[in-house]
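# Descriptive analysis of the structure
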Amino acid sequence: MYRLCVLITVFSAILSLFGSAYATTFHSNINSTLVATSFGTFNEPWAMAFLPNGDMLVTEKSGRLQLVQLNNGTVTTVQGVPEVAYGGQGGLGDVVLHPNFAENRWAYFSYAQQDNTGKKGAVVVRAQLDLDSQLPTLENLEMIWQQTPTATGSSHYSHRLAFSPDGYLFITSGDRERQAPAQKWDQNLGKIIRLHDDGTVPSDNPFQDQGELAKSFWTLGHRNMLGMVFDARGQLWVHEMGPRHGDELNLIVPGDNYGWPLVSWGNHYSGLPIPDHDTRPEFHAPELYWVPTIAPSGLIIYDGVLFPQWQGHALIGGLKSEALIRVQLDGQHAKEIERFDMGARIRDVAQGPDGAVWVLEDGKKGRLLKLDP
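Every value quoted in this text rests on a predicted model; they were computed, and no experiment measured them.

### Considering the overall build of the protein chain
Within the protein chain one finds two helices and 25 strands. Expected size for 373 residues packed as a compact globule is a radius of gyration near 21 Å; at 20 Å, the protein chain falls within 12% of this value. With the C-alpha coordinates of the protein chain rotated into their principal frame, the extents come out at 75 × 50 × 40 Å. When each of the 373 residues of the protein chain is scored for burial, the buried share is 55%. Looking at the protein chain alone, contacts between residues at least 24 apart form 54% of all its contacts between residues at least 6 apart. Of the roughly 15,800 Å² of accessible surface on the protein chain, a fraction of 50% belongs to carbon and sulfur atoms. Within the protein chain, one finds 28 positive and 40 negative side-chain charges whose respective centroids are separated by 7 Å.

What follows is the structure, encoded as structure tokens:
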């Protein structure tokens, strides 16, 4: 009996590593089905990125960077991650690879940092990932950007990262729940930032006459942006959380002002109304918005082969909505056409090398799920 129990325990562990013990299905509001396979759980995972060899990096808010070998389920903590300001919405955030990662090994990370006054702000660093040592390690770490000013509290950092097709680094900088800074030129809160890959500021950014800090701005008037991606045309799409409802999906046009906090399709949490977008046509209105809220987090535009009918569509993770949301993009237009009930808050979305869709659940035991047709 003892030997049988040991065999059952070992067999269950193997199934857990490879995920087959957790295969399940999810259904959409138009009767589509996704088959999900779990590849383990993580402690408050925030973002993921595929390495060229098919392995994955997963960030955990508390400050751990995990290397996941998907072929055998091995998870190894990467050494050399800087100390993060963990708490609330803060901690270790996004991770993206340099477009030439295979040659230069640069990986980029965002996280919340506390200064010597106790205030906090998001920063972006890059480091070279050494995968040849006994333990994977970050080396030659450089800070290349930080939010200005730092602030009390632990919310609305945003700090999503994306590289453009022509190699520029884009950063979402949230308003830190301060609202007014999103319209100010001497603060980079509530902005989308465009930089060279080393953190220097391109000379062709749109705001060259509004002060030195504003030269890094691409757009302004944003709240809390937790998804950013370029489409096949090179257009940048970003979603952001509204205040009380009014979440937005925006096509980003350099130099445009997106209106926060002067306009919104939502209201303040107190219930006080905010003027709608159509009252201020000088501000860029969202291409799609949600009332009630979906609380969007994570964003890809699908271009794989497993879901041919999804080609060119956006996939958005939902926190409050506990959903995976499919949005049809047609040039400058967007329309939600499908929503999968995932039964858990979805923190991030990625596309795998074989065209499968991967999602990270939010929370203390957030699962890493591979979604197949």
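The rest of the description comes next.
### So, the sheet that holds strand β18 (residues 288-290)
Read across the open sheet, the four strands follow the order β15-β16-β17-β18; overall the sheet is antiparallel. The sheet is open, and its two borders are formed by β15 (224-230) and β18, each paired with just one other strand. Along the sheet, successive strands turn relative to each other by an average axial angle of 20°, direction set aside. Here β15 runs beside strand β16 (residues 236-241); their pairing, made up of six bridges, is antiparallel. Looking at the pairing, N224 lines up with M241 of β16.

### Topic: the sheet that holds strand β3 (residues 45-50)
Pairing is antiparallel across the open sheet formed by four strands, whose spatial order is β3-β4-β5-β6. At either margin of the open sheet sits one strand with a lone partner, and together these are β3 and β6 (74-77). When strand polarity is set aside, the average angle formed by the axes of neighbouring strands in this sheet is 25°. As judged from the five bridges shared by β3 and strand β4 (residues 56-60), these two strands associate in the antiparallel manner. The partner of P45 across the bridge, within β4, is E60.

### Looking at the packing of aromatic side chains
One pass over the structure, following the stated rule, counts twelve aromatic pairs. Ring geometry for Y302 and W310: centres 6.1 Å apart, planes at 80°, overall edge-to-face. On the accessibility criterion, Y302 (1% relative accessible area) is buried. The exposure class assigned to W310 is buried, which follows from its relative accessible area of 2%. Geometrically, the ring pair formed by F307 and W310 is stacked, given 4.2 Å between the ring centres and 10° between the ring planes.

### Structural notes on the environment of N267
Within the element layout of this structure, N267 appears in the loop between β17 (247-252) and β18. Residues N267 and L213, spaced 54 residues apart in sequence, show a C-alpha to C-alpha distance of 30 Å. Sequence-distant contacts of N267, that is, excluding residues within four places in its chain, are made with P243, R244, L272, P273 and I274. A polar atom in the side chain of N267 sits 3.4 Å from the backbone nitrogen of I274.

### Considering the nonpolar core
Counting residues in each nonpolar core, the largest one holds 25 residues, and the members touching the most others are L51, L57, L65, V78, F109, L129 and L138. At the level of secondary structure, the elements contributing two or more residues to this core comprise β3, β5 (64-69), β7 (92-97), β8 (106-114) and β9 (120-130). Among the elements that make up this core, the one with the highest residue count is β9 (four residues). Once residues within four sequence positions are removed from consideration, L65 is found in contact with L57, V58, T59, T76, T77, V78, V81, L92, F109 and L138. With 20 residues, the next largest nonpolar core counts I144, W145, F163 and F207 among its residues.

### A short note on the pairing of β5
Where β4 meets β5, five bridges bridge the pair, whose relative direction is antiparallel. Across the sheet, residue M56 finds its bridge partner in β5, namely V68. Counted between consecutive antiparallel strands, the loop separating β4 from β5 contains three residues, among which G63 sits at a positive phi close to 120°. Direction of pairing for β5 relative to β6: antiparallel, over a ladder of four bridges. In the sheet register, V68 faces β6, and the bridge partner there is V75. Where β5 folds back onto β6 in an antiparallel hairpin, the turn is made up of four residues, including G73, whose phi is positive at roughly 80°.

### Quick notes on the side chain of E44
Looking at where E44 falls in the secondary structure, it is placed in the loop between β2 (33-42) and β3. Separated by 2.3 Å, the side chains of E44 and Y86 make a polar contact. Setting aside residues no more than four positions away along its own chain, E44 makes contact with T59, E60, K61, Y86, G363 and K364.

### Some details on unusual backbone geometry
Cis geometry marks the peptide bond from T148 to P149, where omega comes out at 0°. Position of P149 among the secondary structure elements: in the loop between β10 (137-146) and β11 (158-163). A cis amide bond links V291 to the next residue, P292, at an omega of 10°. Tracing the chain through its elements places P292 in the loop between β18 and β19 (296-301). Here the phi dihedral of E177 falls at roughly 60°; this positive angle occurs in a residue that is not glycine. For E177, the location among the structural elements is in the loop between β12 (169-173) and β13 (191-195). What makes E177 partly exposed here is its relative accessible area of 43%. Even without being a glycine, A295 presents a positive backbone phi close to 55°.

What counts as what
- Residues numbered from 1 in each chain as written.
- Predicted model: local features only at pLDDT ≥ 70, side-chain atom pairs only at ≥ 80, totals over all residues.
- Heavy atoms only, no water.
- Helix = DSSP H or I, 4+ residues; strand = E, 2+ residues; numbered from the N terminus.
- Rg over C-alpha atoms; globule rule 2.2 N^0.38 Å.
- Buried < 20%, exposed > 50% of the residue type's maximum accessible area, 1.4 Å probe, protein only.
- Contact = heavy atoms within 4.5 Å.
- Areas by Shrake-Rupley, 256 points an atom, 1.4 Å probe, with all protein chains shown as cover.
- Lys, Arg positive; Asp, Glu negative; His and termini not counted.
- Charge placed at Lys NZ, Arg CZ, Asp CG, Glu CD.
- Pairing = 2+ DSSP bridges.
- Axes fitted to C-alpha atoms, helices over the stretch in contact; angles between N-to-C directions.
- Phe/Tyr/Trp six-rings, centres within 6.5 Å; stacked < 30°, edge-to-face > 60°.
- Polar contact = N/O pair within 3.5 Å; in protein donor to acceptor, adjacent residues only side chain to side chain.
- Core = buried A, V, L, I, M, F, W, Y, C linked by side-chain atoms within 4.5 Å.

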